[in-house]
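# Examining the three-dimensional arrangement
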Amino acid sequence: MTLERQAVRPPAQSRGAGPAGQPAGPQQPRRRSRRDEILEIAVGLFAARGYHGVSMDDIGAAAGVTGPALYHHFAGKEAMLAAALIPVSEQLLAGGQAHIAEAGDDPRTALAALVDFHVEFALANPAVIALHLHELDRLPEEPRRQIRRLQRLYVEEWVNTLTALRADELSAGEARVLAHAAFGLMNSTPFLGGEVDRTRRAELLRAATLSALQG
């Protein structure tokens, strides 16, 4: 499957707490709107051709939407890029925090949960990862700053977990180096071919990431 046809999906639903600290109940999938469908197509095109290689007319043609109707949903390409990247960054942070909270005082369990969570996200969203890697700087300053802040907070969740697990070995700075290296492993999904099935790819990515982080 090409990146143009990869869906934009949120990270796997966390098993975190619901309102007022109550356990979350079964989640009903949100019905996809026309806006969601257009955004999915735009992200696939951006990831496959590059941000500057795609026009609003290209997106409209791929989505079967005329110009005025397309602008009813999005002000332009920058708005589409922000709409793809900001919610994903928010959901990664919230999901990571929920998994850590669920693990309680067990950093080894928390680390394994974080790795599982991020690997599933990376396998489900290679087009979004490609956008983060190559197109983030296309955004205006404010949404770019917001995304960078969310990313830093997410990294720090990993750093805190690693330093709790390996308190006698790692400083916070060293844990940060390992966390970024782990993201490099897990976020390699846009570059992986289809010769290995998804289940095996997930197993390999989890094993490689945990090996790198646990020492």
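Fair warning: this is a prediction, and the values are worked out from it, not measured in the lab. (Residues numbered from 1 in each chain as written. Predicted model: local features only at pLDDT ≥ 70, side-chain atom pairs only at ≥ 80, totals over all residues. Heavy atoms only, no water.)

In terms of regular secondary structure, the protein chain is built from nine helices and zero strands. If you list the helices and strands of the protein chain from N to C, you get α-α-α-α-α-α-α-α-α. Residue burial in the protein chain is summarised as follows: out of 215 residues, 44% are buried. Sequence separation of at least 24 residues holds for 71% of the intrachain contacts in the protein chain that already meet a minimum separation of 6. (Helix = DSSP H or I, 4+ residues; strand = E, 2+ residues; numbered from the N terminus. Buried < 20%, exposed > 50% of the residue type's maximum accessible area, 1.4 Å probe, protein only. Contact = heavy atoms within 4.5 Å.)

Attention now moves to the packing of helix 7 (residues 141–165) against helix 8 (residues 172–186). Packing of helix 7 against helix 8 brings their axes to within 9 Å, and their N-to-C directions diverge by 120°. The angle between the axes of helix 7 and helix 8 places the two elements in the oblique class. When you trace helix 7 past helix 8, the crossing you get is right-handed. Listed contacts from helix 8 to Y154, V155, E156, W158, V159, L162 and T163 of helix 7 are A172, A175, R176, L178, A179, H180, F183 and M186. Its residues assigned to classes, the contact of helix 7 with helix 8 comprises 11 nonpolar, two polar and two charged. (Axes fitted to C-alpha atoms, helices over the stretch in contact; angles between N-to-C directions. Parallel < 35°, antiparallel > 145°, perpendicular 65-115°, else oblique. Left-handed = near helix turned anticlockwise from the far one by under 90°. Nonpolar A, V, L, I, M, F, W, Y, C, P; charged D, E, K, R; others polar.)

Here we take up the environment of D106. Along the chain, D106 falls in the loop between helix 4 (77–103) and helix 5 (107–124). With a relative accessible area of 33%, D106 lands in the partly exposed category. For the pair D106 and A164, spaced 58 residues apart in sequence, the C-alpha to C-alpha distance is 8.8 Å. Of note is the side chain of D106, whose polar atom sits 3.1 Å from the backbone nitrogen of R108. (Polar contact = N/O pair within 3.5 Å; in protein donor to acceptor, adjacent residues only side chain to side chain.)

What follows covers the packing of helix 5 against helix 7. Across the interface, helix 5 lies against helix 7 with an axial gap of 8 Å and an inter-helix angle of 145°. As for the relative orientation of helix 5 and helix 7, their crossing is left-handed in sense. Along its contact with helix 5, which presents P107, R108, A110, L111, L114, V115, F117 and H118, the element helix 7 presents Y154, E157, W158, T161, L162, A164 and L165. Its residues assigned to classes, the contact of helix 5 with helix 7 shows 11 nonpolar, two polar and two charged.

Quick look at the confidence of the model for the protein chain now. Summary statistics for the protein chain give a mean pLDDT of 86 and a share of 86% for residues scoring 70 or more. Note that pLDDT drops below 50 for residues 1–27; the model gives that stretch 45 contacts with residues more than four away or on any other chain. (pLDDT = per-residue confidence, 0-100.)

Counted at 1.5 Å a residue, the expected span for helix 4 with its 27 residues is 39 Å, and the 40 Å between its end C-alpha atoms agrees. Just past helix 4, the residue G104 takes up positive phi, approximately 65°. (Expected span 1.5 Å × (residues − 1).)

One finds F46, I59, M80 and W158 to be the most contacted residues of the largest nonpolar core, which totals 61 residues. When residues in this core are grouped by element, the largest group, 12 residues, is from helix 4. Excluding residues that lie within four positions of it along the chain, M80 makes contacts with I38, L39, A42, F46, M56, I59, L70 and F74. (Core = buried A, V, L, I, M, F, W, Y, C linked by side-chain atoms within 4.5 Å.)

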